[in-house]
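Architecture at a glance
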Amino acid sequence: MGGHFSQGADDAQAILPKDRLKPVGRDASDDTVDCPTCQGTGRIPRGQENKLVAVIPCTDQRLRPRHTKLYVSLSVGLCLLLSVLVLFFLFPRSVTLSDLGVQSSYVVFTKTAVNITAHNTLNITNDNFALVEASDFAVQVFYIDTVVGKASSANVTNILPRSEKQYTFQVLISLTDSGLNDYCRSSTQPVHILFFKLQLSMTVYYLAHYEQLSLETFEYLDCAANSTIPHVFDAGQGGLSH
């Protein structure tokens, strides 16, 4: 037992110098001060307030911050709200093409062909909350299965967010078939209407990615006279509309 007492005394000497081994209590001398982190229930050597760390019980109120659940719930809710908003505004939506028909057409007769210059209008709809850049537009005109006209354009237009924009393009249709030439030049025919199939393609860039759009539509033209009356072929109703 004496050995244990001697070991305890040695530990006390290791903690405090010999000249500070004085009785410690609530009325201690000037060599010790109240422990700043022990709620006044302990004493530490003066001058070592910033060097010693006190052990705080788990039941101490300082380890239980107030409104912790409220702060955590608000943070989680705010993060979820921001995520939903980002997904809502940045989620890719569709960009669509629709044909608005022929605006005008001009016919020129040559010795071997009938050339029709048609001006068509295309509607581009942007459902995104971002700007859409349209480029690399191309169109092919078919009479039955024969390509009779082509046109292309590298730079098309920009479409603002949540908006529509019309794009007018010009395509030259050249009819070199002898039968079509006779039909268009005939003065005995009361009507000189020809139906054409158009295949259109366009590249759009939005929200950091490219997308290829395509559209197949039909139109009719008078191959014997000029026309400045806008019209569109309504395939759904199987008729012509102006």
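Anything mentioned here points back to the structure above.
This write-up is about the structure you can find in this document. Only a predicted model underlies this, so the values are computations on that prediction, with no experimental measurement involved. Along each chain, numbering runs from 1 in the same order as the chain's sequence is written. The model is predicted, so local features are restricted to residues of pLDDT at least 70 and side-chain atom pairs to those at 80 or more, both for listing and for counting; the totals for chains, interfaces and linings are taken over all residues. The side-chain figures draw on all heavy atoms in the structure; neither hydrogens nor water molecules are used.

Topic: the sheet that holds strand 8 (residues 193-206)
In any sheet, the strands associate via hydrogen bonds between backbone groups, in a parallel or an antiparallel arrangement. If you trace the seven strands from one edge of the open sheet to the other, you get 3-4-7-6-5-8-9, paired in antiparallel fashion. At either end of the open sheet lies a strand with only one pairing partner, and these are strand 3 (95-109) and strand 9 (209-222). Within the sheet, the average angular offset between the axes of one strand and its neighbour, ignoring direction, is 20 degrees. As judged from the 13 bridges shared by strand 4 (residues 114-126) and strand 7 (residues 163-175), these two strands associate in the antiparallel manner. In the sheet register, Ile116 faces strand 7, and the bridge partner there is Ile173. Should any heavy atoms of two residues lie within 4.5 Å, those residues are considered in contact. What counts as an axis is a line fitted to C-alpha atoms, over the stretch in contact for a helix, and the angles between N-to-C directions run from 0 to 180 degrees. Labels follow the DSSP assignment, with helices taken as runs of H or I lasting at least four residues and strands as runs of E lasting at least two, numbered in each case from the N terminus. Packed onto the sheet, helix 3 (residues 178-185) meets strand 3, strand 4, strand 5 (132-143), strand 7 and strand 8 and runs at close to 110 degrees relative to strand 8. At least two bridges found by DSSP between two strands is the condition for calling them paired.

A few points about the nonpolar core
Only buried residues count toward a nonpolar core, which is a set of Ala, Val, Leu, Ile, Met, Phe, Trp, Tyr and Cys residues joined through side-chain atoms within 4.5 Å. Remark: exposure states derive from per-residue accessible area (1.4 Å probe, protein chains only) relative to the maximum for the residue type, with buried under 20%, exposed over 50%, and partly exposed in between. Membership of the largest hydrophobic core comes to 36 residues, with the highest contact counts inside it found for Phe137, Leu175, Phe196 and Met202. The dominant element in this core, judged by the number of residues it contributes, is strand 8, at seven residues. Those residues within four positions of Phe137 in sequence are excluded, and the remaining contacts are Leu122, Ala151, Ser152, Ser153, Val156, Tyr167, Phe169, Leu200, Ser201 and Met202.

Some words on the packing of aromatic side chains
Aromatic pairs are defined between Phe, Tyr and Trp rings, using the six-membered ring for Trp, whenever the two ring centres lie within 6.5 Å; interplanar angles under 30 degrees are classed as stacked, those over 60 as edge-to-face, and all others as tilted. Across all of its chains, the model carries nine aromatic pairs by this definition. For the ring pair Phe89 and Phe129, a centre distance of 5.1 Å and an interplane angle of 80 degrees mean the geometry is edge-to-face. A residue pair is termed long-range when its members are at least 10 positions apart, and Phe89 in helix 2 (residues 68-90) and Phe129 in the loop between strand 4 and strand 5 qualify at 40 residues. Pairwise contacts between aromatic rings join Phe88, Phe89 and Phe129 into one cluster. By definition, being over a ring means that NZ of Lys or CZ of Arg is both within 6 Å of the ring centre and within 35 degrees of the ring normal. Just above the ring of Phe88 sits the side chain of Arg93; from NZ or CZ to the centre is 5.0 Å.

Here we look at the pairing of strand 7
Bridge count for strand 6 (residues 146-159) against strand 7 is two bridges, and the pairing is antiparallel. Pairing of Lys150 across the sheet is with Leu172, part of strand 7. Linking strand 6 to strand 7, which pair antiparallel, is a turn of three residues; within it Arg162 sits at a positive phi near 55 degrees.

Remarks on a nonpolar patch on the surface
Together, Leu78, Leu81, Leu82, Leu85, Val86, Phe88, Phe89, Leu90 and Phe129 make up an exposed nonpolar region whose accessible area comes to about 820 Å². By secondary structure assignment, the location of Val86 is in helix 2. With relative accessibility at 46%, the residue Val86 sits in the partly exposed group. Any residue with relative accessible area above 30% and no salt bridge may belong to a patch, with like charges joined within 9 Å and the nonpolar Val, Leu, Ile, Met, Phe, Trp and Tyr side chains within 5 Å. Accessible surface is estimated by sampling points in the Shrake-Rupley manner with a 1.4 Å probe; for residues, cover comes only from the protein chains shown. Salt bridge criterion: a side-chain nitrogen from Lys or Arg within 4 Å of a carboxyl oxygen from Asp or Glu.

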